[in-house]
Amino acid sequence: MEGVTGVYEPVQHHWFHCQNPVDCRSSWIPFSREDSLRLEETHKHGETSGEGEVEVVVATEGRRFDVRLKERRCFAVYWEQPPLEVRRCSWFHKGDKDISYTPYPEDTSLVLEEAYMMAVKLNDWKKKKIEFPTGETVVLHSPTLMTQQQTIPLKDWISLPSEQSQPRTVKRGLEGIRVELPEGEPDQVDHLVFMVHGIGPTCDIQLRGVIQCVNDFRGASLSLLSSHFKQSQDGTRMGRVEFLPVDWHRVLHGDATGVDDDIQRITLPSISRLRQFSNSTVLDLFFYNSPTYCQTIIDTVASEINRLHQVFLQRHPQFTGAVSLAGHSLGSLILFDLLTNQERRNTDENGSSVSSPSEATPLDFESFEDTLRNFGLGKYVQMLTKEQMDLESLGLCSETFFKDLGIPLGPRKKIMYLLKRWRGQQESRTGTSHPVPGIPGIAGVYSHVQEHPTLLSGTPSTSPVDYKYFDVGIGQVSIVYPQLAFQPQAFFALGSPIGMFLTVRGLKRIDPKYSLPTCKSFYNIFHPFDPVACRIEPMVVFPEVDLPPILIPHHKGRKRMHLELKDSLKRVSSDLLLSISTVRGVWQTLTMLPVNTLPLVAGVGTTAALPPQESEGERPVCSGAPNGTVSPTEMRNISVGMLNGGRRFDYVLQEKPLESFNEYLFAIQSHLCYWDSEDTVLLLLREIYEGKGILL
């Protein structure tokens, strides 16, 4: 630009949006190059076509936000948040203590651009000054040197901080401000993942909400796709994975339930901050086991997932991929209970549920016999009539009763579903709910019946709750579980207490034949120091088998150095012990007198050469492993059940070197680490794309 005489090039505009103020200062974030170009073209088209006054909406950031050009505001599509201010930017300023440049308002930028154009065409740079009504004065020293000075009245010089009187640097266009533009997202979405948070309104150690944490999780996914799946992306075989947050805490603690006000009235005034933290976080565990609020949580999660799924399909009509679920902490338990109570249905190519004829056809419950026949249960009419049964009598029976009558599993499920529809019809007529029969003595039964209004009524949903065993052996809260609008491909549990809750509910072992009715894949991912997470594989395999979890690879393709060192020391120690045992066995053999009653001396290293305490049945099966631990070869022959289609599902992260020095110090951080764990993100991507035939 130095020495330019009469050659003027128009400035290139870039679009920015303003994030929430930090320390009373606004933070302006640029749109990606692709989004900015789309906004600029739409803006110019409106100007040239004379439609500048007509509101135009442009989808940005993976179609998660809509920018209204006339309003200059950006609105979130999937979740609630205040709209963000949007600017078409070309001129920027920055103080000495500012981290980044701040764009001028559009009208100010227009004035500066006109002054710059005249200075270039006339080649007049004699400290050209542009004064603004706000008190700022911009001085154009040269095409590369421009400053802003604040005109401060004399009476304010003493009271104002010194940095406000310092000149600020002014830049034209993006070329001189070194701003990092976000990477654009592929338009093609291969897979959709809904992420459900755990207890409390915050999700990570930085006290951020689920929206911000999922945004970072999505950002890590885009980065790993570019670095680890670059060959497939270059071949246009793949696009991206969309992650959407599911927020249920806001509804539970909102005005609809009034639970916060009720809790506040009985909260002691001492240690107020600690009690407030407990009321907004730990109490969520009690709410989920409450007969009053458990239904509210389940309904909120299911309805929010279905709503987000519907909005996503509307904004991505070409989407043909599958859908998965991920839950953190209590959120994983909510999803596990929800998925356990889904009904198997036929699905179309996109994985969306297709209602069966019996579900779509309205049923007439006036005749007991006709109702059973219309539902495909005609062969059991005589059996149930012999027991003097009608619909009201059936409604008082548990599934165990029908099992004792000798009715197979399939018809039993049909009967339970028939009773569910009958109860729903009764509730719609009377406005009251009917208890679901359970088996007392497992973990307590709530026998009282309360009103059961819908969630849309603005009041908390209530339901009688009991813990009972199903045929498959999964004990859980018995409430009215809503159905999802799709069948998920996979369920990822992060830092999950599922195993602990199942044990507390009275479940000792999961039937190896059991699988989630509508979800074929399940992954239990945890940090080794996570105080909340539990394993689940030991509840499926035999107790005497010590099956270690699968170690999640580091996203850079190696094991952490301190873990490699630890494994090396274990191998050296094990080899040393084995050598000592072998030498001792040889020495005993050589010094032992021949006795006719003794067995023949075996060769060195065989079973007979080992000391008695290390015979074949007792010695370690693999080098460096504790007693009971299976070898890699035997591990492949161990059945871990059908929760993950016969594959392993307990996965453990590698702790960081600093974390290994003190497990207790990093316990809380370990429970909150999954949102920014690239190893976790890569595991999800690997499992998702493996089903599409795309490997790392």
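Residues numbered from 1 in each chain as written. Predicted model: local features only at pLDDT ≥ 70, side-chain atom pairs only at ≥ 80, totals over all residues. Heavy atoms only, no water.

A. Spatial organisation of the side chain of Ser90. Within the secondary structure layout, Ser90 lies in the loop between strand 6 (84–89) and strand 7 (91–94). The residues touching Ser90, leaving out its near neighbours within four places in the chain, are Val11, His13, Ser109, Lys171, Arg172 and Gly173. (Helix = DSSP H or I, 4+ residues; strand = E, 2+ residues; numbered from the N terminus. Contact = heavy atoms within 4.5 Å.)

B. The arrangement of the sheet that holds strand 15 (residues 322–328) in detail. With parallel pairing, the seven strands of this open sheet are ordered in space as 14-13-15-20-21-23-22. On the outer flanks of this sheet lie strand 14 (240–246) and strand 22 (550–551), each paired with one strand and no other. Here strand 21 (residues 521–526) pairs with strand 23 (residues 650–652) via three bridges, running parallel. Residue pairing in the sheet places Phe526 in a bridge with Val652 of strand 23. (Pairing = 2+ DSSP bridges.)

C. A look at a nonpolar patch on the surface. Taken together, the side chains of Ile271, Leu274, Phe277, Val282, Leu285 and Phe286 define a hydrophobic patch exposed on the protein surface, amounting to about 580 Å² of accessible area. Looking at the nonpolar patch, the elements with two or more residues in it are helix 7 (272–280) and helix 8 (283–288). Here Ile271 lies in the loop between helix 6 (259–266) and helix 7. (Patch = residues over 30% accessible without salt bridge, like charges linked within 9 Å, V, L, I, M, F, W, Y side chains within 5 Å. Areas by Shrake-Rupley, 256 points an atom, 1.4 Å probe, with all protein chains shown as cover. Salt bridge = Lys/Arg side-chain N within 4 Å of Asp/Glu carboxyl O.)

D. Structural detail: the pairing of strand 13 (residues 189–196). Among the eight residues of strand 13, eight are classified as buried, and the element is accordingly described as predominantly covered. Sheet topology places strand 13 next to strand 15; six bridges connect them, and they run parallel. Along strand 15, the bridge assignment pairs Phe194 with Leu325. (Buried < 20%, exposed > 50% of the residue type's maximum accessible area, 1.4 Å probe, protein only.)

E. Layout of helix 21 (residues 678–690). Over its 13 residues, helix 21 runs 18 Å from end to end, which matches the ideal 18 Å to within 8%, given 1.5 Å per residue. A large share of helix 21 lies buried, amounting to 10 of its 13 residues. Residues of helix 21 that are buried sit in contact with strand 13, helix 3 (210–228), strand 14, strand 20 (490–494), strand 21 and strand 23. (Expected span 1.5 Å × (residues − 1).)

F. View of the environment of Arg686. Take Arg686: it is sitting in helix 21. When the C-alpha positions of Arg686 and Leu696 are compared, they lie 7.1 Å apart, and in sequence the two are 10 residues distant. Residue contacts for Arg686: discarding those within four places in its chain leaves Phe229, Pro553, Tyr651 and Leu696. A distance of 3.4 Å separates polar atoms of two side chains, one belonging to Arg686 and the other to Glu687. (Polar contact = N/O pair within 3.5 Å; in protein donor to acceptor, adjacent residues only side chain to side chain.)

G. Local environment of unusual backbone geometry. Its identity as a non-glycine residue notwithstanding, Glu61 has a phi of 50°, on the positive side. Among the residues examined, Glu61 registers a relative accessible area of 23% and is labelled partly exposed. Notably, Gln388 is not glycine yet its phi reads approximately 60°, a positive angle. Looking at where Gln388 falls in the secondary structure, it is placed in the loop between helix 13 (381–386) and helix 14 (391–394). Residue class for Gln388 comes out exposed when judged on its relative accessible area of 70%.

H. Fine view of the environment of Thr267. Turning to its location among the elements, Thr267 is positioned in the loop between helix 6 and helix 7. Since its relative accessible area comes to 23%, Thr267 is described here as partly exposed. Once the C-alpha coordinates of Thr267 and Asn279 are considered, the two residues, 12 residues apart in sequence, prove to be 8.7 Å apart. Those residues in contact with Thr267 that sit more than four places away from it in its chain are Arg275 and Asn279. A polar contact is formed between the side chain of Thr267 and the backbone oxygen of Ile263, at a distance of 2.6 Å.

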